[in-house]
Amino acid sequence: MHTRWLFLVTILFALLCFPPQWYPLALRMQLSQWFGADDYRALPEGKTVTDLKAEIPCPEDLLNWRDAQTIAGVDIRRSPTCIADNPYAVAAFVRGTNNVSQQVLMASGLTPDAVVKGRDLDGDGDPDEIHIRLEVVELNGGSPEGNVPTTRYAIAPGIRPGFWVFVPKMFGMATENFESLKARAMLRLPSPAIRVEQGDRVKITLENSHYMPHTIHFHGVDHPFVDADGEGNDGTPLTSEKPVLPGSARTYDLQPRQSGTMFYHCHVQPHVHIMMGLQGLFVVEENRPNNWLQTLNVGAGHVRVPSVAVTEQFDREYDLHYLDVDIDLNNRIQRFNDPRLIAREMHRRYDITDAKSDFFTLNGRSFPYTFRESLVVTKPDEHIKLRIVNGGSIGIALHTHGHKVTATHYDGVAVKPAARIIRDVVWIASAQRVDLDLETTNDGLHSYGAGIWLLHDHQGKGVTNDGIGPGGNISAIVYEDYLQENGWPRTQGVDLSRFFTEAYYRKEVPVWDNLATGTFSDAESDLWMLIRLLGLGLSLGVMVALVINAINKRRS
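Residues numbered from 1 in each chain as written. Predicted model: local features only at pLDDT ≥ 70, side-chain atom pairs only at ≥ 80, totals over all residues. Heavy atoms only, no water.

Draft legend 1. Looking closely at the state of the cysteines. The tally for this structure, following the rule as stated, stands at one disulfide. The disulfide bridge from C58 ends at C82, spanning 2.0 Å between sulfur atoms. The S-S bond linking C58 to C82 shows a torsion near -120°; that makes this disulfide left-handed. Of this pair, C58 sits in the loop between α2 (25–35) and β1 (69–71) while C82 sits in the loop between β2 (74–76) and α3 (87–95); the two residues are 24 residues apart in sequence, bridging distant segments of the chain. Overall, C82 belongs to the buried group, its relative accessible area being 4%. (Disulfide = S-S within 2.5 Å. Helix = DSSP H or I, 4+ residues; strand = E, 2+ residues; numbered from the N terminus. Buried < 20%, exposed > 50% of the residue type's maximum accessible area, 1.4 Å probe, protein only.)

The following block contains the structure:
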């Protein structure tokens, strides 16, 4: 009898604790007729987001790298964006590291043999013998001395996938200083865009400073299968040569006859090494007199010393390099320090057929960092040359807000003028290159007028960071009138600082909380609902215990 009464009391308690909003609609309507409608109960208060610890969106240019200047006789254009390349390195890339002063070389951070420029073979006033030396650097890899990745390179706030990249030959440390794990500015994704001239005798030496074998394949670039000594020259271990082992070097010989926008990348286990970042643009410029080229464009982006052929037709030139990142692949280098274990993880245990893309980069960064250095800056009535490569595993539907562009070249081959199409979405397949003419004449077709017009992949995931938007490869076409003096766009009343926080991309910040605090915030806990659920759970537990006890008594 005692147990029966306890069971009935427990059922009554459970009914009292059962949330009324869980009652069937018919029951709720009947209860309202009997007892009247419930009083209004306000929703829980919204949480206020505080102390996001945002980074400075546009760091101060303390070294005046953005300024137009002349170094070693090279006229370097002003960089309109917040963060600019080292102008001393730009000058050394143009003149050759063997042809600049020790002062310029020291300021550039390059070795004397990083880019060697030799004789003028055709007598037209520019060098035709070019020798480039590249090394391989690991970014955000594991360290035997700590539990955090080093050398550290962020594509967005708090986001540091592992990468392998080709870099110019440099001297000194890989990090900014002894107290920092942050990579030096020249050690970054993507591998530098390379520029040579039609007919140049080009040697590119891979000095493999990495713990994995590597090669360089010149994708779309005119080059012989073997060099003058009969050694493999295509960079493909399956058919051409053995990979360049750690601590070894190989020199590739080229003399390109056709101009165009090409590609270069590692061809050792390409499904892994290319996607790890061992890839870059390779541009063969048209032959012109006195054509001193910016042989390397670190991180791609704005070309501060464009070629003579480009300046004949265009007011500015930008290199745009797109890449998608699979964290399951890239972060495997952070698990171990033993090259044997890393090789096993990367080349045997990683299955690219199960891959997915988590991050989407433009010139080695994802939004909001793309706004720091990869804006396409213009003014009315200009022609802008955009050289684009899709180095990723999936296609890109590149959309230009406020403009329609003309595709003038595909894979380095000119499209006949009669066949050129003006459009605002350009599909770029994996490994494909496209040259676009961005015309800013305000005629309602080529341009709708001045402003801050987004430039992005129109596939939804391409504009997110691991599913959180805005992110990914978002950039913008920004007119000078809409650009602040420091290189940051004058957005129309929108505060972008929340996107410069690690918390936002850790999915801890409501996306619209800054627009209407409370309305779009996360809700505080509903205390009464929590008490009811605890009471309901307790009563259900008691009822189960009573039933089990009654069954055991009958059996005994």
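Draft legend 2. Representation of a nonpolar patch on the surface within the structure. On the surface, a cluster of nonpolar side chains totalling about 570 Å² of accessible area is made up of L527, W528, L530, I531 and L534. Relative to the elements of secondary structure, W528 occurs in helix α11 (residues 527–555). (Patch = residues over 30% accessible without salt bridge, like charges linked within 9 Å, V, L, I, M, F, W, Y side chains within 5 Å. Areas by Shrake-Rupley, 256 points an atom, 1.4 Å probe, with all protein chains shown as cover. Salt bridge = Lys/Arg side-chain N within 4 Å of Asp/Glu carboxyl O.)

Draft legend 3. Seen up close, the sheet that holds strand β26 (residues 452–457). Pairing is mixed in the open sheet, where five strands are placed in the order β18-β27-β26-β20-β24. Of all the strands in the sheet, the pair left with one neighbour each is β18 (376–378) and β24 (425–428). When strand polarity is set aside, the average angle formed by the axes of neighbouring strands in this sheet is 15°. In the sheet, strand β20 (residues 396–400) pairs with β26 via three bridges, with the strands oriented antiparallel. (Pairing = 2+ DSSP bridges. Axes fitted to C-alpha atoms, helices over the stretch in contact; angles between N-to-C directions.)

Draft legend 4. Quick peek at the sheet that holds strand β12 (residues 260–265). Taking strand neighbours across the sheet as the criterion, the five strands line up as β10-β12-β13-β8-β14 in an open arrangement whose pairing is mixed. One side of each edge strand has no neighbouring strand; the edge strands of this open sheet are β10 (217–219) and β14 (296–297). Taken together, the six bridges between β12 and strand β13 (residues 279–285) define a ladder with antiparallel strand orientation. Bridge pairing links H265 to Q279 in β13.

Draft legend 5. Expanded view of the side chain of E138. The topology assignment puts E138 in strand β4 (residues 129–139). Comment: no salt bridge for buried E138; closest opposite-charge side chain is R335, at 12 Å. Polar contacts involving the side chain of E138 include one to the side chain of Y211, which spans 2.3 Å. Excluding its chain neighbours within four sequence positions, the residues that come into contact with E138 are T151, F163, W164, H210, Y211 and I333. (Lys, Arg positive; Asp, Glu negative; His and termini not counted. Polar contact = N/O pair within 3.5 Å; in protein donor to acceptor, adjacent residues only side chain to side chain. Contact = heavy atoms within 4.5 Å.)

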